[in-house]
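Summary of the model geometry
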Amino acid sequence: MANLFFRPDELLSEIEALRQLCAGFLAPDSFQLQELAGDIRGLKEQKSGRLTLEIPEDRPLMTKPSEGQFERAPRSSGRSVVAKVTGKWDVKIVKTKVPDQSRPNKKARELLLLDFVDRASTVIHVVDEGGTDPIACWKMELGISSSPGCFFHTFASGDANFPVPRHPNLFPTPMSAIGFVLGELFQDEWEQEVSKAGFDPPQRWRSIQSRRLLALFAWQMELAKAATASPWYAIKAGKPLPSIFL
């Protein structure tokens, strides 16, 4: 099973930053991110329990139409498309002792954490505006101990029984996956939105995503350096510590 720890407050901060950043990029009837935040707050207040965070298939998080903004000048497109994001993430609240990596001689601290424990799949469909047939589909997932691909992986396949190829993935949470989708469909607009200076949501978003990416890259570099065969196979077989993002 997947096993990855996150601080609940950081996930809530990530959700709130994304909620504010993406408000102008979503369809009026889209799923609202504060629903995920409410579920996480409930677990945090109970200090125990397990549930499935979900963006349901019948009520996806849906973008406004991208009217060719998935291209950048000098390229252009007259095609108008919409992305629909769904997913399920099994989580539980846990109390566990976690060593402070910056202070290795100090006693491990007990923290209240959100643990991704089983299913962890974000599904993205892109359709033509007004259409229903997917023109692109990919899944971003966390692996399990027996997974043949990277722990953090994406696959795009029309057949669920043939989940190949499994590409390495840089987006461990549903929020980061949503940010990726917005950056693909709204190339210039999303970059401008997350690059604003002097505003809290983009600064908070950049801080969280930067820290996670650096932790992920550092882990992959250590795997590659220690490889006794192909560095790629070392990364493919590697399983991170649950505390990698703490």
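Relevant structure appears above.
Residues numbered from 1 in each chain as written. Predicted model: local features only at pLDDT ≥ 70, side-chain atom pairs only at ≥ 80, totals over all residues. Heavy atoms only, no water.

1. Here we look at the environment of Thr 173
Locating Thr 173 in the fold gives a position in the loop between strand E9 (166-168) and helix H3 (174-185). Distance in space between the C-alpha atoms of Thr 173 and Trp 89 is 9.2 Å, their sequence separation being 84 residues. In contact with Thr 173, not counting residues within four places along its chain, are Phe 6, Leu 11, Glu 14 and Arg 212. (Helix = DSSP H or I, 4+ residues; strand = E, 2+ residues; numbered from the N terminus. Contact = heavy atoms within 4.5 Å.)

2. So, the environment of Glu 16
Within the fold, Glu 16 resides in helix H1 (residues 8-22). The partly exposed category is assigned to Glu 16, whose relative accessible area is 23%. (Buried < 20%, exposed > 50% of the residue type's maximum accessible area, 1.4 Å probe, protein only.)

3. Some remarks on the pattern of salt bridges
Inspection of the entire model under this criterion finds 14 salt bridges. One salt bridge connects Lys 64 with Glu 189, and the closest N-O pair in it is separated by 3.7 Å. Taken together, the positions of Lys 64 in the loop between strand E3 (61-62) and strand E4 (66-67) and Glu 189 in helix H4 (residues 187-194) put the pair 125 residues apart, joining distant regions of the chain. Residue classification places Lys 64 among the partly exposed positions, given a relative accessible area of 25%. Glu 189 gets classed as partly exposed once you look at its relative accessible area, which sits at 29%. Among the ionic pairs, Arg 72 bridges to Glu 191, the shortest N-O distance being 2.3 Å. (Salt bridge = Lys/Arg side-chain N within 4 Å of Asp/Glu carboxyl O.)

4. Concerning the side chain of Thr 122
When you line up the elements, Thr 122 lands in strand E6 (residues 109-128). A polar atom in the side chain of Thr 122 sits 3.2 Å from the side chain of Trp 89. In this structure Thr 122 touches Val 85, Thr 86, Gly 87, Trp 89, Trp 138, Lys 139, Met 140, Pro 174 and Ala 177, once residues within four positions along its chain are discounted. (Polar contact = N/O pair within 3.5 Å; in protein donor to acceptor, adjacent residues only side chain to side chain.)

5. Points about the state of the cysteines
Such a bond, covalent and formed between the sulfur atoms of two cysteines, is termed a disulfide. What the rule picks out here adds up to zero disulfides. Not part of a disulfide, Cys 150 finds its nearest cysteine sulfur in Cys 137, a span of 19 Å. (Disulfide = S-S within 2.5 Å.)

6. Points about the pairing of strand E7 (residues 134-142)
In terms of strand pairing, E6 meets E7 through seven bridges, oriented antiparallel. Counterpart to Val 127 in the pairing with E7 is Pro 134. Two strands pair when backbone bridges link them, and E7 and strand E8 (residues 152-155) are joined in this way by four bridges, in the antiparallel orientation. Note on E8: the bridge partner recorded for Leu 142 is Phe 152. (Pairing = 2+ DSSP bridges.)

7. Re a nonpolar patch on the surface
Judged by side-chain polarity, Leu 170, Leu 214 and Phe 217 come together as a nonpolar surface patch covering roughly 270 Å² of accessible area. Residue position: Leu 170 is located in the loop between E9 and H3. Accessibility expressed as a relative area gives 33% for Leu 170, which makes it partly exposed. (Patch = residues over 30% accessible without salt bridge, like charges linked within 9 Å, V, L, I, M, F, W, Y side chains within 5 Å. Areas by Shrake-Rupley, 256 points an atom, 1.4 Å probe, with all protein chains shown as cover.)

8. Brief notes about empty space enclosed by the protein
Considering all chains together, one arrives at three cavities of 30 Å³ or more under this definition. Looking at the largest cavity, its volume works out to about 60 Å³. Among the residues making up the lining of the largest cavity, the classes are represented as eight nonpolar, three polar and one charged. Looking at the second largest cavity, the residues that line it are Cys 150, Phe 151, Phe 152, Pro 168, Asn 169, Trp 219, Gln 220 and Ile 235. (1 Å grid on protein atoms, 1.4 Å probe; cavity = no way out; pocket = protein on both sides within 12 Å on 5 of 7 lines; lining within 4 Å. Points joined across faces, edges and corners; volume = space filled by probe spheres on them. Nonpolar A, V, L, I, M, F, W, Y, C, P; charged D, E, K, R; others polar.)

9. A word on the layout of surface pockets
Considered as a void within the structure, the largest pocket measures approximately 480 Å³ in volume. For the largest pocket, the lining is made up of 23 residues, of which Lys 88, Ser 121, Val 123, Lys 139 and Glu 141 are closest to its centre. Classifying every residue of the lining of the largest pocket by side-chain character gives seven nonpolar, seven polar and nine charged. Considered as a void within the structure, the second largest pocket measures approximately 360 Å³ in volume.

By themselves, these are just geometric observations and shouldn't be taken as functional.
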